[in-house]
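Below, each chain spelled out in residue letters.
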Amino acid sequence: ANILAPGGCVWRLDADGRNPALVACGFRNEFDAAFSLNGELFTFDSDMEGDEGLPWYRPVRVNHCPPGADFVWRTGSANTPAYYIDSRPAIYDVGRGSPVGLEFYEHTAFPPKYQGAYLMADWSLGIIYAAHLKPDGASYKLDLEKFCTGAPMNVTDIGVAPDGSVYFTMGGRHTQGGVYRIVYDGGGKKEADKTTPERLLSWPQPQAAWSRAALDKRIADQKIDLSKELFPVIGNAARPAAERIKAMMLLQMHGRPLDVNSLVQLILDRDPQVRAQAVYLIGVNNDRDAQPALAAALKDDDPFVRRRAC
């Protein structure tokens with residue numbers, strides 16, 4: 001009641017919990033947040049159930065949260081419509097519900113359709129959604145499907161296991177708790193048949209702590225030169241953009257980031273998703289020598305690249 005701006009917020013802090021920075025704000029009640037592999041942040045925001053049927057009601061919505069986004073939620077009739085120029089609109093209005101845990105599925109155990117899917121859990125309706133994101137200008141649009149449903153299925157959080165199965169917890173508000181899993185019984189590819197770069201590119205859930213630790217161990221045990229194996233993938237314009245971006249992020253996450261000259265060269269790549277990723281990594285690495293290249297990227301033909309250059 002009577003909550004003032006900025007409402008629900010996403011904050012960024014360093015590993016010591018210091019230097020807080022406000023990333024995005026103006027949410028009703030974003031229970032969780034998740035990053036896609038290319039570094040984009042997404043949430044699943046709640047509605048205000050008491051406002052249903054009123055002109056200022058906002059449904060449960062999927063939000064893409066670039067730095068600086070303000071969704072301008074306010075209490076009651078002070079709420080703002082999505083068409084206000086200072087309000088970031090949702091990328092999808094879901095309807096009624098109670099958003100909870102989120103996770104990106106970055107494993108190969110499920111069929112290709114679900115590889116990269118944004119999994120979103122709803123507590124009150126008993127639904128796990130699979131959102132299939134598609135680039136749309138400087139943001140995204142999506143196709144939404146009900147991945148798993150139950151009546152009741154008071155799901156609270158969700159995660160992906162090393163074997164590719166999806167685990168979710170249930171409970172809350174004095175209801176029976178539990179842990180369940182969803183397994184795809186469709187076989188899989190043999191890792192032994194792959195070259196080292198292909199094994200790296202199919203490495204599951206690369207942002208998860210267990211995955212990063214396992215890959216660090218393999219790199220050390222097998223003396224893998226990560227840069228040598230992945231740099232040819234990044235520079236190969238015939239490769240799909242998703243593979244090139246994953247190679248760039250694997251190098252970044254495992255302490256072998258691309259040097260500034262390589263990133264500046266990638267800003268000139270013909271694929272806009274690769275150009276955007278090079279811009280993003282220049283910003284993450286704070287490569288001030290690349291400022292002229294970033295300034296040039298402000299005039300890129302692609303709006304996603306321009307937004308990241310900003």
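In the block above lies the structure referred to throughout.
Worth saying up front: this structure is predicted, and the values here are computed from it rather than measured. (Residues numbered from 1 in each chain as written. Predicted model: local features only at pLDDT ≥ 70, side-chain atom pairs only at ≥ 80, totals over all residues. Heavy atoms only, no water.)

Q: How would you explain the sheet that holds strand 8 (residues 118-122) if you had to name every residue and give the values?
A: Pairing in this open sheet of four strands is antiparallel, and the strands run 7-8-9-10 from one edge to the other. Both outer strands of the open sheet, strand 7 (99-104) and strand 10 (139-149), are each paired with one neighbouring strand and no more. When strand polarity is set aside, the average angle formed by the axes of neighbouring strands in this sheet is 25 degrees. Pairing analysis gives four bridges linking strand 7 to strand 8, with the strands arranged antiparallel. Bridge pairing in strand 8 places Leu 102 opposite Met 120. (Pairing = 2+ DSSP bridges. Helix = DSSP H or I, 4+ residues; strand = E, 2+ residues; numbered from the N terminus. Axes fitted to C-alpha atoms, helices over the stretch in contact; angles between N-to-C directions.)

Q: Just give me the short version of the packing of aromatic side chains, but keep the residues and values in it.
A: Under the criterion given, the structure shown has 13 aromatic pairs. Relative to Phe 304, the ring of Tyr 140 lies with its centre 6.1 Å away and its plane at 80 degrees, an arrangement referred to as edge-to-face. Taken together, the residues span a long stretch of sequence, with Tyr 140 in strand 10 and Phe 304 in helix 8 (residues 303-309) at a distance of 164 residues. Residue classification places Phe 304 among the buried residues on the basis of a relative accessible area of 3%. (Phe/Tyr/Trp six-rings, centres within 6.5 Å; stacked < 30°, edge-to-face > 60°. Buried < 20%, exposed > 50% of the residue type's maximum accessible area, 1.4 Å probe, protein only.)

Q: Can you break down the sheet that holds strand 6 (residues 92-95) residue by residue, with the values?
A: In spatial order, the strands read 3-4-5-6; together these four strands make up an open sheet with antiparallel pairing. Edge positions in the sheet fall to strand 3 (30-35) and strand 6, since each has one partner strand and no second. Direction aside, the axes of adjacent strands within the sheet are offset by 20 degrees on average. Here strand 5 (residues 60-64) runs beside strand 6; their pairing, made up of three bridges, is antiparallel. For Arg 61, the partnering residue across the bridge sits in strand 6 and is Asp 93.

Q: Provide a residue-level description of the environment of Asn 19, including the pertinent values.
A: Counting through the fold element by element, Asn 19 comes out in the loop between strand 1 (8-12) and strand 2 (21-27). If we skip the residues at most four places from it in the chain, Asn 19 touches Arg 12, Leu 13 and Asp 14. A distance of 2.9 Å separates the side chain of Asn 19 from the side chain of Asp 14, its partner in a polar contact. (Contact = heavy atoms within 4.5 Å. Polar contact = N/O pair within 3.5 Å; in protein donor to acceptor, adjacent residues only side chain to side chain.)

Q: An account of the pairing of strand 5 is requested, with residue identities and associated values reported.
A: A large share of strand 5 lies buried, amounting to five of its five residues. Every second residue of strand 5 is oriented toward a common face, with Val 60, Val 62 and His 64 on one face and Arg 61 and Asn 63 on the other, all of them buried. Strand direction decides the pairing type here: strand 4 (residues 41-45) and strand 5, joined by four bridges, are antiparallel. Bridged to Phe 44 within strand 5 is Val 62.

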